[in-house]
Amino acid sequence: MSKSKSSFVCQNCGAITQRWQGKCDSCGEWNTIVEEAVSAGIGAAIARNSLAGRAFALEDLTGAARAEARIVTGIAELDRVAGGGFVPGSVALIGGEPGIGKSTLLIQACAALAKKGGRVVYISGEESTSQVRLRAERLGLSASPVQLAAQTGVEDIVATLTSGDKPKLVVIDSIQTMWSGAIESAPGTVSQVRGSAQALIRFAKQSGAAIILVGHVTKDGQIAGPRVVEHMVDAVMSFEGEGAHAFRILRASKNRFGATDEIGVFEMTGGGLSEIANPSALFLAGRDGSSPGAAVFAGIEGARPLLVEIQALVAPSTLGTPRRAVVGWDSSRLAMILAVLEAHGGLKLGQYDIYLNVAGGLKIAEPAADLAAAAALISSLVGVALPHDSVYFGEIGLSGAVRSVAHAGLRLKEAAKLGFTGAIAPPLAQKEKGEASRLSVSPIASVGSLVAQIAAAGVDRGKTALRVTK
Ligand code: TYD
Ligand code: MG
């Protein structure tokens, strides 16, 4: 009889070392290496007993294609991110910070689906059934025929799911709490998470049930546990939001059965998560278009156009080194825009504190926001409000030129839909404007002309606050 061997596995990245170390050489994390039994894991028994393989029938590509209908939960924003509903037999992993609303979203999805018929199972490894029931009651979902359990043993879960009708959808909340008796390590370790995920994925493929796994995230936003779980599942989604704001965004970073550029937008309310079919209206709510320093940016999140207000405040500084603070945008991007405004726009900004904020708590990563940020900055500096019915988009190069950005047509369409009548955009955007659109596109070729345009508007309105030195 061979002695059961052990190896040392990093709980952060899954790297294996021969002896214990304080620091993982692979990912650089401290105190993450834990001793785990090697004999553990699916397939270990086969290796030990060197069983002869069993031949199986092969199929060809043209064989009876099983175009099974997708499982549509009825929560449109979730179905959209899944690629038009969940594919039977597929496994999706949803990650997100604690308290962001993963359990809320999934119990709502389960309830909506169960109402339409079919077996829907929600297994919680974190909360008791009465806690889950309490939440469902608060959400007004307690009448829905969802099957609940508070269990963590994967073998028991698979046995329960196998008996009775084939489940349509199974939610496992969360994969980090699951453990398999076939694996010797403690629950929560890399081997356990991987082994449990493997067992559940095998069940999904065999039974045709769709499974959604909830995953915890580490402090830097990665899904905790081995990255291999992300490779094993069919789709990886993340549920994001800003603590102080009610909106939540669901994004797919991997999807074998759909596009990864779709996003779903929700709002956390007293009655659970509600879908936001028109996110631009949410981000523009409460906008005061008459004061200087605010520009509406026509952005794209995933594949969806999204209008959001960019606010700037430029105020004389009393400090030796003026302050530069950014919320929701990249601070090095702001530094670049300021340098370009000084070099090519003729502005002197060295004596001013500068603050930039993306309203509503959204984080923007697109370079297309450059023009809107620049317009907001100039507007605040010269004290002239920008036209309240116009949107801005375009990338600014180091030469001061305004460059084209992708999806100009989509941006213009969204702006027109929300009642905007003008757009200040790169020269080529005009071509992408639909025939029917009443929106007038004013092409802008450089930051120099943007400064001149805003300054001219100020002169028209009798303002002479312009501090431009050409
Ligand atoms: P939860 O779904 O438990 O988060 P997760 O599973 O991602 O950890 O959501 C918990 C938060 O959601 C909690 O802070 C309260 C808030 N919440 C509401 O605002 N309204 C509601 O109707 C519910 C159920 C939760
Ligand atoms: Mg939860």
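Calculation rules
- Residues numbered from 1 in each chain as written.
- Chains lettered and ligands numbered in written order.
- Predicted model: local features only at pLDDT ≥ 70, side-chain atom pairs only at ≥ 80, totals over all residues.
- Heavy atoms only, no water.
- Disulfide = S-S within 2.5 Å.
- Near = heavy atom within 4 Å.
- Polar contact = N/O pair within 3.5 Å; in protein donor to acceptor, adjacent residues only side chain to side chain.
- Areas by Shrake-Rupley, 256 points an atom, 1.4 Å probe, with all protein chains shown as cover.
- Helix = DSSP H or I, 4+ residues; strand = E, 2+ residues; numbered from the N terminus.
- Nonpolar A, V, L, I, M, F, W, Y, C, P; charged D, E, K, R; others polar.
- Core = buried A, V, L, I, M, F, W, Y, C linked by side-chain atoms within 4.5 Å.
- Buried < 20%, exposed > 50% of the residue type's maximum accessible area, 1.4 Å probe, protein only.
- Contact = heavy atoms within 4.5 Å.
- Pairing = 2+ DSSP bridges.
- Axes fitted to C-alpha atoms, helices over the stretch in contact; angles between N-to-C directions.
- Salt bridge = Lys/Arg side-chain N within 4 Å of Asp/Glu carboxyl O.

Undergrad: Looking at this model, I keep getting lost on the state of the cysteines. Mind explaining?
TA: What makes a disulfide is a covalent bond joining the sulfur atoms belonging to two cysteines. Taken as a whole and assessed by the stated rule, the structure comprises zero disulfides. Unpaired in this structure, Cys 24 has its nearest cysteine sulfur neighbour in Cys 10, at a distance of 3.7 Å.

Undergrad: Mind showing me how you'd approach the site of ligand 1 here?
TA: Lining the immediate surroundings of ligand 1 are 16 residues, of which Gly 99, Lys 102, Ser 103, Thr 104 and Arg 135 lie closest. Within the backbone of Gly 101, a nitrogen or oxygen atom sits 3.0 Å from an oxygen atom of ligand 1. Within the contact set of ligand 1, an oxygen atom lies 2.8 Å away from a backbone nitrogen or oxygen of Lys 102. Across the complex, the protein chains shield 72% of the 560 Å² of accessible surface that ligand 1 would expose by itself. At the level of elements, helix 3 (102-115), helix 4 (129-138) and strand 11 (263-269) are the ones that each hand at least two residues to the shell around ligand 1. Take the shell around ligand 1: its biggest share by element is three residues, from helix 3. For the shell around ligand 1, the per-class residue count stands at four nonpolar, eight polar and four charged.

Undergrad: What's the story with the nonpolar core in this structure? I'm lost.
TA: Nonpolar side chains in soluble globular proteins tend to end up buried together. Grouped together as the largest cluster of nonpolar side chains are 66 residues, with contacts concentrated most on Leu 341, Leu 377 and Leu 450. Examining the composition of this core, we find that 10 residues originate from one element, helix 10 (residues 370-382), more than from any other. When near neighbours in sequence (up to four residues on either side) are disregarded, Leu 377 contacts Ala 312, Val 314, Leu 334, Ile 337, Leu 338, Leu 341, Ile 354 and Leu 356. Ala 82, Ile 100, Ala 114 and Val 214 belong to the second-largest nonpolar core, a separate cluster that totals 36 residues.

Undergrad: Which parts of the structure should I look at to understand unusual backbone geometry?
TA: In terms of backbone geometry, most residues other than glycine have negative phi values and most peptide bonds are trans. In the segment running from Asp 173 into Ser 174, the intervening peptide bond is cis, with an omega of 5°. Structurally, Ser 174 can be placed in the loop between strand 7 (167-173) and helix 6 (190-207). Within the chain, Asn 31 stands out as a residue other than glycine whose phi angle is a positive 55°. Along the chain, Asn 31 turns up in the loop between strand 2 (16-17) and strand 3 (33-37).

Undergrad: Sorry if this is basic, but what is going on with the sheet that holds strand 10 (residues 247-255) here?
TA: Remark on secondary structure: sheet strands pair via backbone hydrogen bonds, oriented parallel or antiparallel. Overall, mixed pairing links the nine strands, which are arranged 6-5-7-8-4-9-10-11-12 in an open sheet. Of all strands in the sheet, those bounded by a partner on one side alone are strand 6 (147-150) and strand 12 (272-275). Mean inter-strand twist for the sheet, computed between neighbouring axes without regard to direction, equals 25°. Helix 3 rests against strand 4 (91-96), strand 5 (119-124), strand 6, strand 7, strand 8 (210-215), strand 9 (235-241), strand 10, strand 11 and strand 12 of the sheet, and its axis sits at about 160° to strand 5.

Undergrad: Please explain the pattern of salt bridges as it appears in this structure.
TA: For side chains of opposite charge, pairing can occur when their charged atoms come near one another. Under the counting rule described, the total for this entry stands at 11 salt bridges. A salt bridge links Arg 304 to Glu 77; the shortest N-O distance between them is 2.9 Å. Pair noted here: Arg 304 is in strand 14 (residues 304-316) and Glu 77 is in helix 2 (residues 76-82), with a separation of 227 residues, a long-range link. This pair shows no difference in class: Arg 304 is buried, exactly as Glu 77 is. For the salt bridge of Arg 333 with Glu 395, the shortest nitrogen-to-oxygen distance reads 3.9 Å. In this pair, Arg 333 is assigned in helix 9 (residues 331-345) and Glu 395 in strand 18 (residues 395-396), connecting sequence segments 62 residues apart. In this structure Glu 395 comes out as partly exposed when scored by relative accessible area, which is 22%. One salt-bridge network, held together by shared partners, links Glu 77, Arg 80 and Arg 304.

Undergrad: Whenever I open this one, the sheet that holds strand 2 confuses me. Can you help?
TA: One open sheet accounts for three strands, arranged 2-1-3; its pairing is antiparallel. Either end of the sheet is taken by a strand with one partner, and the two such strands are strand 2 and strand 3. Note that strand 1 (residues 6-10) and strand 3 share five bridges and pair antiparallel. Its bridge partner lying in strand 3, Ser 7 is registered against Glu 36.

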